[in-house]
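Examining the three-dimensional arrangement
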Amino acid sequence: MNILTEKFTTPYHSAPFNKIRNEDYLPAFKDLIQKSEEEINAIVDNQDAPTFENVIEALAYSGEQLDVVSNIFFNLNSAETSDEIQKIAQEVSPILTEYSSKISQNEALFSKIKKVYDEKEKYNLNEEQEMLLNETYKGFVRSGALLNEEDKEKLKKISMDLSLKSLQFGQNVLASTNNYFKHITNKDDLAGIPEAILEQYAEEAKERNLEGWVVTLQYPSYIPFMTYAENRELRKEIALANGKKSFDGGEFDNQNLIKELLSLKQQKAELLGYKNYADYVLEERMAKSPTKVIDFLNELLTKAKPYADKEIEELKSLAKADGIEEMQGYDHAFYAEKLRKAKYDLNDEELKPYFPLNQVQDAVFGLAEQLFGLTFEERNDIPKYHEEVKIYEVKEDFDSAQTSNKQPSTHFKALLYVDYFPRKGKRAGAWMTSYKNQYKKDGENSRPHISIVCNFSKPTKDTPSLLTFQEVTTLFHEFGHALHGMLADTQYPTLSGTSVKWDFVELPSQFLENFCYEPEFLKTFAKHYKTGEVLPDEKIEKIAQSKNFMEGYQTLRQLGFGLLDMNYHTKVGELENKSVKEFEDEYTKATQLYPANPETAMSPSFSHIFQGGYSAGYYSYKWAEVLDADAFQYFKENGIFNPEIAAKYKVLLSSGGTKDPMELYKNFRGSEPKVESLLKRAFG
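Residue positions are counted from 1 within each chain, in the order its sequence is given. Totals for whole chains, interfaces and linings use all residues, but because this is a predicted model, local features are given only for residues with pLDDT of at least 70 and pairs of side-chain atoms are given and counted only at 80 or more. Only hydrogens and water are set aside; all other atoms, that is, all heavy atoms of the structure, feed into the side-chain values.

**Some remarks on the environment of Lys424**
Each helix is a run of DSSP H or I of at least 4 residues and each strand a run of E of at least 2, with the numbering of both proceeding from the N terminus. Within the element layout of this structure, Lys424 appears in the loop between β5 (409–419) and β6 (431–436). Burial status follows relative accessibility: with a 1.4 Å probe on protein chains alone, a residue under 20% of its type maximum counts as buried, one over 50% as exposed, and anything between as partly exposed. What makes Lys424 exposed here is its relative accessible area of 52%. The spacing of Lys424 and Ser677 is 253 residues in sequence and 41 Å in space, taken between C-alpha atoms. Contacts are assigned to residue pairs that have any heavy atoms within 4.5 Å of one another. With residues up to four places along the chain from it excluded, the contact list for Lys424 reads Leu174, Asn178 and Arg208.

Spelled out as structure tokens, the structure:
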């Protein structure tokens, strides 16, 4: 018997990681695809007249176990992969793509969907049911349901190729990242680097059976080196290695893959009747069109550029005092840290002792309790995929008023997995994902299983994991996504949690980051891990003041990514006569603040758009910043813990994709978001 094909007998039917073997995956996928196809056939073969219930609802609930197993497998492929898992992924991806294409191009199924859609006026559908019907119909059309047989086959092949090539892109980036390390034996080469970081580098060396210190391209290793290392030549060497990831012409080079991926996306868009892939994607986003996105990004660029130029001039003055006539990109973090220290007397290493990971986690848990009535209790009886993972049972409190004057009570809301430290089998960065969606069926509210994955510095034998302030905001960011998943309260799994328009999905994450800068909140948890001393008021004030430090530079950096992404997905034809590097340089030129380096390019490791879901969607980070600035302004005006506003915001989070996002936002805020809120927060 295959453990993956049966209903799990673990607490809350959680993933039985302790019993899953790698060899279980492929047969499980094949078996569950067959079962899901049988469910689809039952809908198609039903002799009763097509109705919302026997077609649209039945389809929404189909393939439940297949979704769960897919989530388990692909989450592990990101968080705890191996050569064997990557090999299975290469086998499984085309099978899943073929299955998906088979459903989306099933003419008999689509004819039933279309009949219900065409006759929707005769059904007394509520708002969520109508959204499900519209999204289902559109989803099939956008997947080729109206194409002829020949074109359906073409689309199916394109989808399979895209699936495999994007998977290969991510595997190349991971391999390229893991392939490099810098072994340092002379401590003088590490001048300027704080002791805690040196200890981390020494432990990395020890793990590799080397003397001295080892720096890698994993973020908790790379970023501190670029920030503190006084040795400019070493900074340059390691920055070049980072900039060459999958761009060195070697085994893991992604330049040809980028062209192939973009060509396939363009073919897909044209086959479906769109001018380009960005038009195809943006039809289903708040922004609606590439023109609107480009205008939005350029408007911000015009406003932010003078601030960015002024910031870089300040850094150049510092560098000039050190004899550097032409500052380079690899000097930025080093001199930005110097300037930050001079301006605000803030130093990451001085702040880190006040932000041990356990306290920051307690703070974000406490905030969720204060705003939304959630409590978190660690469970040690639920299987994990790695010993470092922790699992929490999340419950929701109800006060006596909410329970008809009965005693206060709680009920199960979600499982939360947290996985905080870098490993060789984990990709870089931080993300939130889910193992199981929330939905309601047969009178039961089936609750979600949510995961946060990060890459923070590991604890050492002498110190707990201490976070930089940026890592504090990262944890709040991912927890904001997690809240969107945990608070989900919708009827259908396809509209649940983060299943919203892509340029709306970053609102909850970016919104929560704002609390990190509020003195009233910071004082509750920023305490020295040894002495218990609260972070001094002047430091807290400086953190609040430093919120917009290098905001111009950071804005231009994000706008550069957004403009590059949008141009890749609207002007793919230009790549026939240009290299990836030439294309990148041309379309990021307006946002570049340092000389371009001919040896480096970021596109070959730009996983967000070539492996993740941000193709023609990277702008959404800035788009969502407008939303989050406007939303938090509402809290600021009425008290950051205001229970009435928190209750309204909770409705927005719990509604998932059941309503148009602008309607959801206006119901919460009372008006559309104003770009002025972002500009005021960013530049005063």
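**Concerning the state of the cysteines**
In protein structure, a disulfide is the covalent linkage between the sulfur atoms of two cysteines. Cysteine sulfur atoms that pair up within 2.5 Å are treated as a disulfide. As enumerated under the stated definition, the model contains zero disulfides in all. In this structure Cys454 is not part of a disulfide, and its nearest cysteine sulfur, from Cys516, lies 12 Å away. By relative accessible area, which is 0% here, Cys516 ends up buried.

**With respect to a negative patch on the surface**
Each patch is built from salt-bridge-free residues with over 30% relative accessible area, joining like charges within 9 Å and nonpolar side chains (Val, Leu, Ile, Met, Phe, Trp, Tyr) within 5 Å. Here, Shrake-Rupley sampling with a 1.4 Å probe gives the accessible areas, and only protein chains in the shown set may cover a residue. The rule for a salt bridge is simple: a side-chain nitrogen of Lys or Arg has to be within 4 Å of a carboxyl oxygen of Asp or Glu. Positive: Lys, Arg. Negative: Asp, Glu. His and the chain ends are not part of the count. The atoms used to mark charge sites are NZ of Lys, CZ of Arg, CG of Asp and CD of Glu. Among the surface-exposed residues, Glu38, Glu39, Glu64 and Asp67 lie close enough to one another that they form a single negatively charged patch. Where the negative patch is concerned, the elements lending two or more residues are α1 (22–45) and α3 (64–79). With respect to the helices and strands, the residue Asp67 is situated in helix α3. A relative accessible area of 43% means that Asp67 is categorised as partly exposed.

**Some thoughts on empty space enclosed by the protein**
Grid points spaced at 1 Å over the protein atoms alone were grouped into cavities, where a 1.4 Å probe fits but cannot get out, and pockets, open sets with protein on both sides within 12 Å along at least five of seven lines, with lining residues defined by an atom within 4 Å of a point. Grid points are joined across faces, edges and corners, and a volume is the space filled by probe spheres set on the points. One pass over the structure, following the stated rule, counts four cavities of 30 Å³ or more. One number sums up the size of the largest cavity: a volume of about 140 Å³. If you go around the largest cavity, you meet 13 residues; those closest to its centre are Glu64, Asp67, Asn437, Tyr439 and Pro493. Going through the elements one at a time, α3, β6 and β7 (439–441) are the ones with two or more residues in the lining of the largest cavity. No other element matches the four residues that α3 contributes to the lining of the largest cavity. Amino acids are sorted into nonpolar (Ala, Val, Leu, Ile, Met, Phe, Trp, Tyr, Cys and Pro), charged (Asp, Glu, Lys and Arg) and polar (every other residue, Gly among them). Here the lining of the largest cavity is composed, by residue class, of six nonpolar, three polar and four charged. Each pocket or cavity is described by its volume, and for the second largest cavity that value is around 110 Å³. Looking at the second largest cavity, it is lined by 13 residues, and the ones nearest its centre are Ala196, Ser457, Lys458, Thr460 and Thr463. Of the residues that constitute the lining of the second largest cavity, the class distribution is five nonpolar, five polar and three charged.

**So, helix α27 (residues 675–683)**
The set of residues buried in α27 consists of Val675, Ser677, Leu678, Leu679, Ala682 and Phe683. Taken together, the buried residues of α27 touch α13 (290–321), α21 (551–568) and α24 (620–638). Just beyond α27, the residue with positive phi is Gly684, at close to 80 degrees.

**Observations concerning the packing of helix α2 (residues 52–60) against helix α5 (residues 107–118)**
A fitted line through C-alpha atoms represents every axis, and for helices the fit uses only the stretch in contact; the resulting angles, taken between N-to-C directions, go from 0 to 180 degrees. Interaxial distance between α2 and α5 falls to 10 Å at its minimum, and their mutual angle equals 115 degrees. In the crossing of α2 with α5, the sense of the turn from one axis to the other is left-handed. Every residue of α5 that contacts α2 at Phe52, Val55, Ile56 and Leu59 is listed here: Leu109, Lys112, Ile113 and Val116. A per-class count over the contact of α2 with α5 returns seven nonpolar, no polar and one charged. Definitions for this section: a left-handed crossing has its near helix turned counterclockwise from the far helix by less than a right angle. A right-handed crossing has that turn clockwise.

**Thoughts on the environment of Thr658**
Structurally, the position occupied by Thr658 is in the loop between α25 (643–654) and α26 (661–669). For the pair formed by Thr658 and Phe632, sequence separation is 26 residues and the distance between their alpha carbons is 23 Å. Beyond its immediate stretch of four places on either side in the chain, Thr658 contacts Glu127, Glu128, Met131, Thr490 and Leu495.

**Describing the confidence of the model for the chain**
As a per-residue measure, pLDDT reflects the predictor's confidence and takes values from 0 up to 100. Per-chain confidence: the chain averages 94 in pLDDT, with 98% of residues scoring 70 or above. When the criterion is pLDDT under 50, residues 400–407 qualifies, and its contacts beyond four places in sequence or with other chains add up to five contacts.

**Some details on the nonpolar core**
Remark: nonpolar core denotes a set of buried residues (Ala, Val, Leu, Ile, Met, Phe, Trp, Tyr, Cys) joined through side-chain atoms within 4.5 Å. Ranked by internal contacts, the top residues of the largest apolar core, which has 140 residues, are Phe355, Leu416 and Phe479. When residues no more than four places from it in sequence are discounted, the contact partners of Phe479 are Val364, Phe365, Ala368, Phe376, Leu416, Ile452, Met486 and Leu512. Formed by 60 residues, the second largest nonpolar core is a distinct cluster that contains Ile56, Ile72, Phe73 and Leu167.

**As for the packing of aromatic side chains**
The geometry of an aromatic ring pair comes down to the distance between the two centres and the angle between the two planes. Between rings of Phe, Tyr and Trp, where Trp is taken as its six-membered ring, a pair exists when centres lie within 6.5 Å; planes separated by under 30 degrees are stacked, by over 60 edge-to-face, and by other angles tilted. Evaluated as defined, the whole model comprises 58 aromatic pairs. Centre to centre, the rings of Tyr12 and Phe412 are 3.6 Å apart; their planes meet at 5 degrees, and the pair counts as stacked. With Tyr12 in the segment before α1 and Phe412 in strand β5, the pair connects residues that are 400 residues apart, well separated along the chain. The exposure class of Tyr12 is partly exposed, given its relative accessible area of 31%. The class of Phe412 is buried, set by a relative accessible area of 18%. Ring centres of Tyr344 and Phe549 lie 5.8 Å apart, and the angle between their planes is 85 degrees; this geometry places the pair in the edge-to-face category. Remark: Phe549 occurs in the loop between α20 (537–545) and α21 and Tyr344 occurs in helix α14 (residues 332–344); sequence separation between them is 205 residues.

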